[in-house]
Amino acid sequence: MSPSDLLPAPVPAAVSVPAGLQTFLALDFGIKRTGFAVGNRLMRTAQPQGTITAEGDARFVKIAQHIKEWQPDALVVGVPFHPDGAAHENTARAKKFARQLHGRFKLPVFEVDERYTTTEALSMGAKDADAAAACIILEQFLRSIP
């Protein structure tokens, strides 16, 4: 582990989010696991809700179940970058995943830089690091809304 692994995730710039969007479902995309969390604009807090371990279309079936249960107004997807901000293979995968979510569920999808969120979740002692990372991603997003 390098010293940069201990840095908190970058705080995103203010995001233009229509006032009507109040409830959000965040996804910490991974090839094998996708953590998710829910939160709302009013409280500006999020709660981890678990991890989806399915891949491919099975992942989208499970996401559809969570969307039906939570009825979010929009989705938030964590997009990973190298510590210096450069994109890598998983950056492209997460962006593709975000586009697929928008296409399948017709909800607005916001992307958030997720650097260090898993490290932060693990340092906080999270039992489910993927869900905790999704929670961190969502709370960063909610703090970025004016």
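These remarks concern the structure in this document. Please read all numbers here as calculations on a predicted model, not as lab measurements.

On the basis of which strands lie adjacent, the open sheet formed by 5 strands has the order E3-E2-E1-E4-E5 and mixed pairing. Unpaired on one side and paired on the other, strand E3 (45–52) and strand E5 (109–113) mark the two borders of the sheet. Direction aside, the axes of adjacent strands within the sheet are offset by 25° on average. As paired strands, strand E1 (residues 23–28) and strand E2 (residues 34–40) are joined by 6 bridges and run antiparallel to one another. Bridging from a neighbouring strand, Phe24 pairs with Gly39 of E2. In the packing of helix H4 (residues 129–144) onto the sheet, contacts are made with E1, E2, E3, strand E4 (74–79) and E5, and the angle to E3 comes to roughly 145°.

Below, the discussion takes up the pairing of E5. Two elements, E4 and E5, share 5 bridges in a ladder whose sense is parallel. Residue pairing for E5: Leu75 is matched across the bridge by Val109. Read from E4 through helix H2 (residues 89–105) to E5, the crossover connection turns out right-handed.

Take the pattern of salt bridges next. Under the criterion given, the structure shown has 5 salt bridges. Arg104 is the salt-bridge partner of Asp57, the closest N and O atoms lying 2.8 Å from each other. Of the two residues, Asp57 sits in helix H1 (residues 56–70) while Arg104 sits in helix H2, which places them 47 residues apart along the sequence. For the salt bridge of Arg115 with Asp113, the shortest nitrogen-to-oxygen distance reads 2.5 Å. When sorted by exposure, Arg115 lands in the same class as Asp113, which is buried.

Residue position: Ala98 is located in helix H2. Counting along the chain gives 22 residues from Ala98 to Val76, while the straight-line C-alpha distance between them is 8.2 Å.

Rules used in this analysis
- Residues numbered from 1 in each chain as written.
- Predicted model: local features only at pLDDT ≥ 70, side-chain atom pairs only at ≥ 80, totals over all residues.
- Heavy atoms only, no water.
- Pairing = 2+ DSSP bridges.
- Helix = DSSP H or I, 4+ residues; strand = E, 2+ residues; numbered from the N terminus.
- Axes fitted to C-alpha atoms, helices over the stretch in contact; angles between N-to-C directions.
- Contact = heavy atoms within 4.5 Å.
- Right-handed = clockwise from strand over helix to strand, strands pointing away.
- Salt bridge = Lys/Arg side-chain N within 4 Å of Asp/Glu carboxyl O.
- Buried < 20%, exposed > 50% of the residue type's maximum accessible area, 1.4 Å probe, protein only.

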